[in-house]
Amino acid sequence: MRIDCLTLFPEMMQAVLTESIIGRAVRNGILDVRYTDIRDFAGNKHNRVDDAPYGGGMGMVMQPEPIYRAYQEVLKTADEKPRVIYLSPQGRVFNQDIAKELSQEKHLVFLCGHYEGVDERVIEEIVDEELSIGDYVLTGGEIPAMAVIDAVARLVPGVLPSAEAYSEESLYNGLLEYPQYTRPPVFMNKEVPEVLLSGHHENIKAWRRAQSVIRTCRKRPELLTDADLTDEEQRLIKTLLEEEKL
Ligand code: 4H7
């Protein structure tokens, strides 16, 4: 998958996206992540890319031309029209379903706004969809873009050691993940649950599933409406809730 970042802070994004699992996939050539510094397309000798908002008000707005020229530069080396994503608090709230959908694309472009945002006309011209990573305010679109890139890229085949193994992870089935334990067997007088040391794989699987269901019930009950629960699990939750055991 090819991913382009249009940003005023390419070093910030490169520093993050060359580390760990995503960084390895970049080095392996599974991901082709590129950065275009919008400032390189300022087109004036002071390299200015922002200006005061028409109509007045505080702060600065990113001008449309440098962004448009940066995007045209990306298109020069693109095979087909990429999907262009703009990160802003006004976007559709990003989730695992959107991550799955985006992971099917061949080429994504992330437009990262800064200051008070981007001139509306260039958004209308180049952006296919606006995404938000949640209802809070940040100083720029770079961190949201990196969050989306991380979530999408790890679903691209070959990025994780074994794609199959991750089909049981959190949110895949709409449930939270079961608790994890590693050595030592006793920490601060707390033991690792006995079943995990038993080597009985059937029991371990059942215990983990039950933990996922109970956790989801306690911490994020709203997720249960969309979760894939068996009829038996649904009856169990109903009974436990009625007996006030959850
Ligand atoms: C684009 C447009 C995304 C980018 C506006 C971006 C939160 C998110 C930004 C803005 C972002 C998210 C302009 C919004 C200045 C905040 C005070 C950068 N913040 N800004 N406002 N939730 N900020 O995904």
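Up top you'll find the structure we're talking about.
In this numbering scheme, every chain counts its residues from 1 along its sequence in written order. Reporting of local features is limited, given that this is a predicted model, to residues whose pLDDT is at least 70; pairs of side-chain atoms are given and counted only at 80 or more, and all residues count toward the totals for whole chains, interfaces and linings. Excluded from the side-chain calculation are hydrogens and water; included are all heavy atoms of the structure.

A. Focus on the sheet that holds strand β2 (residues 32-37). Pairing in this open sheet of 5 strands is parallel, and the strands run β2-β1-β6-β5-β7 from one edge to the other. Sheet topology places β2 and β7 (129-132) at the edges, where each strand pairs with a single neighbour. Within the sheet, the average angular offset between the axes of one strand and its neighbour, ignoring direction, is 30°. Alignment of strand β1 (residues 2-7) against strand β6 (residues 107-111), held across 5 bridges, turns out to be parallel. Within β6, the position partnered with Ile3 by the bridge is Leu108. One bridge is not enough; two strands pair if DSSP finds at least two bridges between them. Numbered from the N terminus, helices here are DSSP runs of H or I no shorter than four residues, and strands are runs of E no shorter than two. Only C-alpha atoms enter the line fits that serve as axes; for helices the fit covers just the stretch in contact. Angles between N-to-C directions range over 0 to 180 degrees.

B. Seen up close, unusual backbone geometry. Residue Pro184 is bonded to the preceding Arg183 through a cis peptide linkage, with omega at 5°. Turning to its location among the elements, Pro184 is positioned in the loop between α6 (142-153) and β8 (186-187). Of note in the backbone geometry, Tyr115 takes a positive phi value of approximately 60° without being a glycine. Here Tyr115 is to be found in the loop between β6 and α5 (120-126). The residue Met188 is not glycine, and still its phi comes out positive at about 50°.

C. Structural context of the packing of helix α1 (residues 10-17) against α6. Relative orientation of the contacting elements α1 and α6 amounts to 30°, with a least axis distance of 10 Å. As summarised for this structure, α1 and α6 are arranged roughly parallel, according to the angle between their axes. In the packing of α1 onto α6, the handedness of the crossing is right-handed. Side by side, α1 and α6 meet where Met12, Met13, Val16 and Leu17 of the first sit next to Glu142, Ile143, Ala145, Met146 and Ile149 of the second. Of the residues that constitute the contact of α1 with α6, the class distribution is 8 nonpolar, no polar and 1 charged. Roughly parallel means an angle under 35 degrees; roughly antiparallel, over 145; roughly perpendicular, 65 to 115; everything else is oblique. When the near helix sits turned anticlockwise from the far one by under a right angle, the crossing is termed left-handed; a clockwise turn instead gives a right-handed crossing. Contacts are assigned to residue pairs with any non-hydrogen atoms lying within 4.5 Å of each other. Three classes are used: nonpolar for Ala, Val, Leu, Ile, Met, Phe, Trp, Tyr, Cys and Pro, charged for Asp, Glu, Lys and Arg, and polar for all others, with Gly counted as polar.

D. Region of the structure containing the environment of Ala206. Here Ala206 lies in helix α8 (residues 201-219). In sequence terms Ala206 and Tyr68 are 138 residues apart; their C-alpha atoms lie 54 Å from each other.

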